[in-house]
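Each chain, written out:
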Amino acid sequence: MCRYFFVFFVLFTTNIYGQTFAALQEELNNLLLDPDLKNASISFSAMDLNTKQIVSELNPNQSLVPASITKLITTATALEVLGANFQFTTSLYYNGAIDTVNKILNGNIIIKGGGDPALGSDRYEKHYGDFMNRWAIAIKLLGIDSINGKVIGDASYFNDHIPSTWIWGDLGNYFGASPSGLSIYENSCRVEFVSGPNNGDSTYISCVKPFVPNLEIENFVISKPNSRDDAYFFGYPYQNHIQVKGAIPLNCKDFTVKASLPDPAFLASYQLTEELVKQGVKIAENNSTSRLEKDVTTYKSDVKIDAIPSPRLIELIKLTNHYSINLYAEHFMNQIGLAKYRSGDTESSTQATLEFWKKKGIDVSGMSLNDGSGLSRFNAFSSMQLVSILAYMKLSKNNSFFYSSLPIAGKSGTLKRIGKDTAAEGRVHAKSGNMSRVRSYAGYCTTKSNKEIAFTLIVNNFNCTQQLMKNKMEKILVKLAEINE
């Protein structure tokens, strides 16, 4: 019954918009009738941004698992609520008093996190520089040669909770790194493996960068004749014993797999402690974190020594949407919660986001947000809901910022290999999303006839490979770009 209804809809749409829309509708029909999608759910919407008229749709109000196109909602909300020039700030403090005669700090050094997701990231090496050295020098310039206390990493800026609906299999990997009020190195480390020459050979770990104190890795990775990284970490925040399973290619001497850090704030305080000792400063106690301290007065921030701002929000957002950085999106979401409710937990932040869009006239019924990145399978929204948000952003004062943050088909980011040498190349500016049995695309398309279209395409529970599903959906994007009337 549904298929016959859809054929009727296709004819209706073609009569209004002419034959050039027929090719798009034919590709949608192909999806609907594809044997690989017999168990699948599909939601598609395309809106002419000049007329605000829906030019094509299929199950537009069906809520589906969206994967990483969730980041479009998060980044759009962050721009609207926080502003393009917003910056996170990480600060260095001390408490207690300095004995100037004996050059002793009778107190503690506190690294107070301010929610910066990029502190120490290789992507911003020039921006941050050697900040640990900078901090150590700043402390010594206060006339401190020894500390009768410790260095404490204060991550209390956010409520320091991982999204409750993330799955166990993701948490140990870099893409499942949980947000923290004091994040460092994108909350991940590089684990280097050496593999053998034969299929099934054991591997061993040669190096972990940066060095993570107390980390124990139980290695079950084997050597296999492939060219992919098929190794996955299993661990939990604040757990120092983790496992890694799977396979890496044969004959590798420094094959790198990224794992999430068990405790970013602890690593930050450890590294500053090491840097201070290296520069001749004596420290009485081992490093710690706000989570480990029972007495909050130990990490009370009294006197500011230094502060390091993050890059501007729009710069962070551009990287987030181009390279689908989950951690950044989670920090944006938590900051939205702080701005609206003074609470940086996931539940408050997602509720603030839903309420923001409801006040803007978006129908949020059936929309479920459980994180900022799309890693949660509990997220659900319809193609029409996201298209409505995309249409809103087209009229926003932040439109140019938002639009420029999107990958371009055939040219950049996660769309670099989509639509190459087709009408979609350079015409589609969009975000992609994928996870097991989920694939999605959403953004903007300028057609051959210069129509500006906002679109969203989500498919759940297909029975083919991700690559094959990508090829099927790419045809929809190409037909959208080919519209010429």
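Residues numbered from 1 in each chain as written. Predicted model: local features only at pLDDT ≥ 70, side-chain atom pairs only at ≥ 80, totals over all residues. Heavy atoms only, no water.

What to know about empty space enclosed by the protein
Item 1. Tallying each qualifying case throughout the model produces 3 cavities of 30 Å³ or more.
Item 2. Considering only enclosed or pocket space, the largest cavity measures out at about 90 Å³ in volume.
Item 3. If you trace the largest cavity, you find it lined by Leu171, Gly172, Gly176, Ala177, Ser178, Gly235, Tyr236, Pro237, Ile242, Ser260, Leu261 and Pro262.
Item 4. Residue composition of the lining of the largest cavity, by class: 7 nonpolar, 5 polar and no charged.
Item 5. For the second largest cavity, the calculated volume is near 50 Å³.
Item 6. Lining the second largest cavity are Val212, Pro213, Asn240, Leu261, Pro262, Asp263, Phe266 and Leu267. (1 Å grid on protein atoms, 1.4 Å probe; cavity = no way out; pocket = protein on both sides within 12 Å on 5 of 7 lines; lining within 4 Å. Points joined across faces, edges and corners; volume = space filled by probe spheres on them. Nonpolar A, V, L, I, M, F, W, Y, C, P; charged D, E, K, R; others polar.)

Quick look at the sheet that holds strand E2 (residues 53-58)
Item 1. Read across the open sheet, the 5 strands follow the order E2-E1-E21-E20-E19; overall the sheet is antiparallel. Looking at the sheet topology across the chains shown, the edges are occupied by E2 and strand E19 (428-435). Strand-to-strand twist across the sheet, computed as the mean angle between neighbouring axes with direction ignored, equals 5°.
Item 2. Direction of pairing for E19 relative to strand E20 (residues 438-446): antiparallel, over a ladder of 8 bridges. What sits directly across from His429, in E20, is Tyr444.
Item 3. Against the sheet, helix H13 (residues 466-482) touches strand E1 (41-48), E19, E20 and strand E21 (452-460), its axis set at about 20° to E20. (Pairing = 2+ DSSP bridges. Helix = DSSP H or I, 4+ residues; strand = E, 2+ residues; numbered from the N terminus. Axes fitted to C-alpha atoms, helices over the stretch in contact; angles between N-to-C directions. Contact = heavy atoms within 4.5 Å.)

Structural notes on the layout of surface pockets
Item 1. Within this model, the largest pocket holds a volume of roughly 1200 Å³.
Item 2. Contributing to the lining of the largest pocket are 35 residues, with Tyr174, Phe175, Asn326, Leu375 and Asn434 lying nearest its centre.
Item 3. Those elements that provide at least two residues to the lining of the largest pocket are strand E13 (230-234), strand E15 (255-260), helix H9 (326-341) and E19.
Item 4. Among the elements that make up the lining of the largest pocket, the one with the highest residue count is E19 (5 residues).
Item 5. Broken down by class, the residue content of the lining of the largest pocket amounts to 12 nonpolar, 14 polar and 9 charged.

Comments concerning helix H10 (residues 346-359)
Item 1. Over its 14 residues, H10 runs 20 Å from end to end, which matches the ideal 20 Å to within 8%, given 1.5 Å per residue.
Item 2. Of the surrounding secondary structure, the elements contacted by the buried residues of H10 are helix H3 (70-82), H9 and helix H11 (383-395).
Item 3. Directly after H10, the chain includes Gly361, whose backbone phi takes a positive value near 95°. (Expected span 1.5 Å × (residues − 1).)

A closer look at the packing of aromatic side chains
Item 1. Applying the stated criterion to the full structure yields 10 aromatic pairs.
Item 2. A centroid spacing of 5.5 Å and a plane angle of 75° characterise the contact between Phe131 and Trp135, whose relative ring orientation is edge-to-face. You can see Phe131 and its partner Trp135 sitting in helix H5 (residues 131-140), 4 residues apart, about one turn around the helix.
Item 3. Take Trp135: its relative accessible area is 1%, and that puts it in the buried class.
Item 4. Centroid distance Trp357 to Tyr392: 5.2 Å. Interplanar angle 90°. Geometry classified as edge-to-face. Placement of the pair is Trp357 in helix H10 and Tyr392 in helix H11, with a sequence separation of 35 residues.
Item 5. What makes Trp357 buried here is its relative accessible area of 0%.
Item 6. A connected cluster of aromatic rings, assembled from ring pairs, spans Phe131, Trp135 and Tyr185. (Phe/Tyr/Trp six-rings, centres within 6.5 Å; stacked < 30°, edge-to-face > 60°. Buried < 20%, exposed > 50% of the residue type's maximum accessible area, 1.4 Å probe, protein only.)

Considering the sheet that holds strand E17 (residues 288-289)
Item 1. Taken in spatial order, the 5 strands make up an open sheet running E17-E8-E6-E3-E18, and their pairing is mixed. Either end of the sheet is taken by a strand with one partner, and the two such strands are E17 and strand E18 (303-309).
Item 2. Sheet analysis places strand E8 (residues 151-154) next to E17, joined by 2 bridges and oriented parallel. Looking at E17, one finds that Ile152 is bridged to Ser288.
Item 3. Each of strand E3 (89-94), strand E6 (109-112) and E18 is contacted by H5, which is oriented at about 160° to E18, the strand it contacts most.

Examining unusual backbone geometry
Item 1. Residue Lys209 is joined to Pro210 through a cis peptide bond whose omega torsion reads -10°.
Item 2. Relative to the assigned elements, Pro210 resides in the loop between strand E10 (204-209) and strand E11 (216-219).
Item 3. A positive phi angle is found at Tyr238, which is not glycine, with a value near 70°.
Item 4. Classification of Tyr238 by relative accessible area gives partly exposed; the value is 33%.
Item 5. The backbone of Asn251 shows a phi angle near 55°, a positive value even though the residue is not glycine.
Item 6. Note that Asn251 resides in the loop between strand E14 (241-249) and E15.
Item 7. Overall, Asn251 belongs to the exposed group, its relative accessible area being 53%.

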